[in-house]
Amino acid sequence: MEDVELLKRMQKDDERAFAGAKAAANSRADGCMGRMVKLHNRYVSLALLLLGTLRLQAQARIEPQGYGLIAHRGGVVDNTTAENSLEALKKAIERGYDRVEIDVRMSKDSVFIVHHDRNFIRYYGLDKPVDQLTWSAMQKLKGNLGNRVHSLEEILSAARGHIKVMVDLKIPGNDTLLHAKLIHMLAQYGMLADGMMIGTEASTDFYRGKIALSCTRQQLEDNMLRPDYHPSHYYLFSGQITADDVKWAARHGIPVVGVINAWAQRGDAMTKGADAAKALLAAGVRTFQIDSMFDVFFL
């Protein structure tokens, strides 16, 4: 704000100087024009300096006040950075996110990849199902933001030691050999012990007890009836969490994650995202999975 006020004062000084220069223009046209050009350049230089300062501030590391933030869609995603890209992941690390949510699929030749959609229309313009394309073919794709498809190992390698992960599993069915391979890979990169997963109904029994699984409150209450139940096996995950839900989860030792995703905010996403953040914070939620555009609500 001090920079902004400084710029305003400098602009007013320059405007007065311009007025004086114009009054003497008839007798000293050449000299006044030179002075006006210099003053104009001074104003432009100050404006550019201020914009640069504000841009650096906008990109600075976030300092959430006791909150845990999980970057949805693979990191900090914007109009120059594609979702589920190494660039988005690096930005999330630099911004200080606690965890990153990544979408895991599988190529035709059984390579784990990080990609959200069932096909490659967005970013790549290819209407081809992910599971019908080999990894070698995927490596040739070039996105409209300079991005490419990454293997899960690439992402885990870049994340290791810097940020935790939440896996959004998008592999259908219950191929236990493939799931065992995924568990092994997460363990190999140190991402299993404190990992989180948004699972599928078909694979829940396999992953239960191996990694924390997302649940609604009703699902948690059902799981509590199981003889193998343990609160560390699950977490409450929803965009509609009440104060009663938070208190109930705390009594049972269950982690709580509130959700604020842009796709669910119809109309003015920022206004509705702000309302969602306010409601979840008022309920007592302290960990959030968010699209990075909403992290301003937690500074």
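Look above for the structure.
**Student:** How should I be thinking about empty space enclosed by the protein in this particular structure?
**Tutor:** Rolled over the atoms, a probe as big as a water molecule pinpoints where empty space is left. One pass over the full model with this rule turns up one cavity of 30 Å³ or more. In this structure, the largest cavity spans a volume of roughly 70 Å³. What lines the largest cavity is a set of 13 residues, and nearest its centre among them are Glu-83, Asn-84, Val-114, His-115 and Tyr-124. Along the lines of polarity and charge, the residues of the lining of the largest cavity split into five nonpolar, six polar and two charged.

**Student:** Sorry if this is basic, but what is going on with a nonpolar patch on the surface here?
**Tutor:** Among the surface-exposed residues, Met-270, Met-293, Val-296 and Leu-299 lie close enough to one another that they form a single nonpolar patch of about 340 Å² accessible area. Mapping Val-296 onto the fold places it in the segment after strand 10 (287-290).

**Student:** How should the environment of Val-114 be read in this particular structure?
**Tutor:** Inspection of the secondary structure assignment puts Val-114 in strand 3 (residues 112-114). Note: C-alpha distance between Val-114 and Leu-152 (38 residues apart in sequence) is 5.5 Å. Once residues within four sequence positions are removed from consideration, Val-114 is found in contact with Asn-84, Ile-102, Asp-103, His-150, Ser-151, Leu-152 and Ile-155.

**Student:** So what exactly am I meant to see when it comes to the packing of helix 3 (residues 86-95) against helix 6 (residues 152-159) here?
**Tutor:** For any two helices packed against each other, one specifies the inter-axial angle together with the distance between the axes. Where helix 3 contacts helix 6, the axes come no closer than 10 Å and their chain directions differ by 20°. It follows that helix 3 is roughly parallel to helix 6 by the angle criterion. Relative to helix 6, helix 3 is oriented so that their crossing is right-handed. Two secondary-structure elements touch here, helix 3 through Leu-86, Leu-89 and Ile-93 and helix 6 through Glu-154, Ile-155, Ala-158 and Ala-159. Its residues assigned to classes, the contact of helix 3 with helix 6 shows six nonpolar, no polar and one charged.

**Student:** Just checking my understanding: could you explain the pairing of strand 2 (residues 99-106) for this structure?
**Tutor:** If a strand is regular, its side chains alternate between the two faces of the sheet. With eight of eight residues buried, strand 2 lies mostly within the body of the structure. Judged by which residues are buried, strand 2 turns out to be covered on both faces: Arg-99, Glu-101, Asp-103 and Arg-105 on one side and Val-100, Ile-102, Val-104 and Met-106 on the other are all buried. Where strand 1 (residues 68-71) lies against strand 2, two bridges are found, and the strand directions are parallel. Residue Ala-71 lies in a different strand from strand 2, and its bridge partner there is Val-100. As paired elements, strand 2 and strand 5 (residues 164-169) share six bridges and run parallel to each other. By the bridge assignment for strand 5, Glu-101 is matched with Met-166. Direction of pairing for strand 2 relative to strand 3: antiparallel, over a ladder of three bridges. Within the sheet, the bridge partner assigned to Arg-105 lies in strand 3 and is Ile-113. The antiparallel hairpin formed by strand 2 and strand 3 contains five residues in its connecting segment, where Ser-110 sits at a positive phi of about 65°.

**Student:** I'm lost on the packing of helix 6 against helix 7 (residues 176-188) in this one. Help?
**Tutor:** Running from amino to carboxyl end, helix 6 crosses helix 7 at an angle of 25°, the nearest separation of the two axes being 10 Å. If you check the angle between helix 6 and helix 7, you find them roughly parallel. The two elements helix 6 and helix 7 cross, and the hand of that crossing is right-handed. Taken together, the residues of helix 7 that come into contact with helix 6 (itself represented by Leu-152, Glu-153 and Leu-156) are Leu-182, Met-185 and Leu-186.

**Student:** I'm lost on the nonpolar core in this one. Help?
**Tutor:** Within soluble globular proteins, side chains that are nonpolar generally end up buried alongside one another. Judged by nonpolar contacts, the single largest core of 56 residues is most densely connected at Tyr-97, Ile-102, Leu-152, Leu-156, Leu-186 and Tyr-207. Dropping the residues within four chain positions of it, Leu-186 is found in contact with Leu-156, Val-165, Val-167, Met-191, Leu-192 and Ile-211. If you look at the next biggest cluster of nonpolar residues, it comprises 13 residues, including Val-77, Ala-88, Tyr-124 and Val-149.

**Student:** What am I meant to see in the pattern of salt bridges here?
**Tutor:** As a working rule, side chains carrying opposite charge can pair if their charged atoms are close by. If you walk through the whole model with that rule in mind, you get 14 salt bridges. Between Arg-122 and Glu-83 there is a salt bridge, with its nearest N and O atoms 2.7 Å apart. Highlighted residues: Arg-122 in helix 4 (residues 121-124) and Glu-83 in the loop between strand 1 and helix 3, separated in sequence by 39 residues. The exposure class assigned to Glu-83 is buried, which follows from its relative accessible area of 8%. For the salt bridge of Asp-205 with Arg-208, the shortest nitrogen-to-oxygen distance reads 2.6 Å. Note on Asp-205: relative accessible area 57%, which makes it exposed. One continuous salt-bridge network, built from bridges that share partners, spans Arg-73, Glu-83, Asp-117, Arg-122 and Asp-291.

Quick notes on the rules
Residues numbered from 1 in each chain as written. Predicted model: local features only at pLDDT ≥ 70, side-chain atom pairs only at ≥ 80, totals over all residues. Heavy atoms only, no water. 1 Å grid on protein atoms, 1.4 Å probe; cavity = no way out; pocket = protein on both sides within 12 Å on 5 of 7 lines; lining within 4 Å. Points joined across faces, edges and corners; volume = space filled by probe spheres on them. Nonpolar A, V, L, I, M, F, W, Y, C, P; charged D, E, K, R; others polar. Patch = residues over 30% accessible without salt bridge, like charges linked within 9 Å, V, L, I, M, F, W, Y side chains within 5 Å. Areas by Shrake-Rupley, 256 points an atom, 1.4 Å probe, with all protein chains shown as cover. Salt bridge = Lys/Arg side-chain N within 4 Å of Asp/Glu carboxyl O. Helix = DSSP H or I, 4+ residues; strand = E, 2+ residues; numbered from the N terminus. Contact = heavy atoms within 4.5 Å. Axes fitted to C-alpha atoms, helices over the stretch in contact; angles between N-to-C directions. Parallel < 35°, antiparallel > 145°, perpendicular 65-115°, else oblique. Left-handed = near helix turned anticlockwise from the far one by under 90°. Buried < 20%, exposed > 50% of the residue type's maximum accessible area, 1.4 Å probe, protein only. Pairing = 2+ DSSP bridges. Core = buried A, V, L, I, M, F, W, Y, C linked by side-chain atoms within 4.5 Å.

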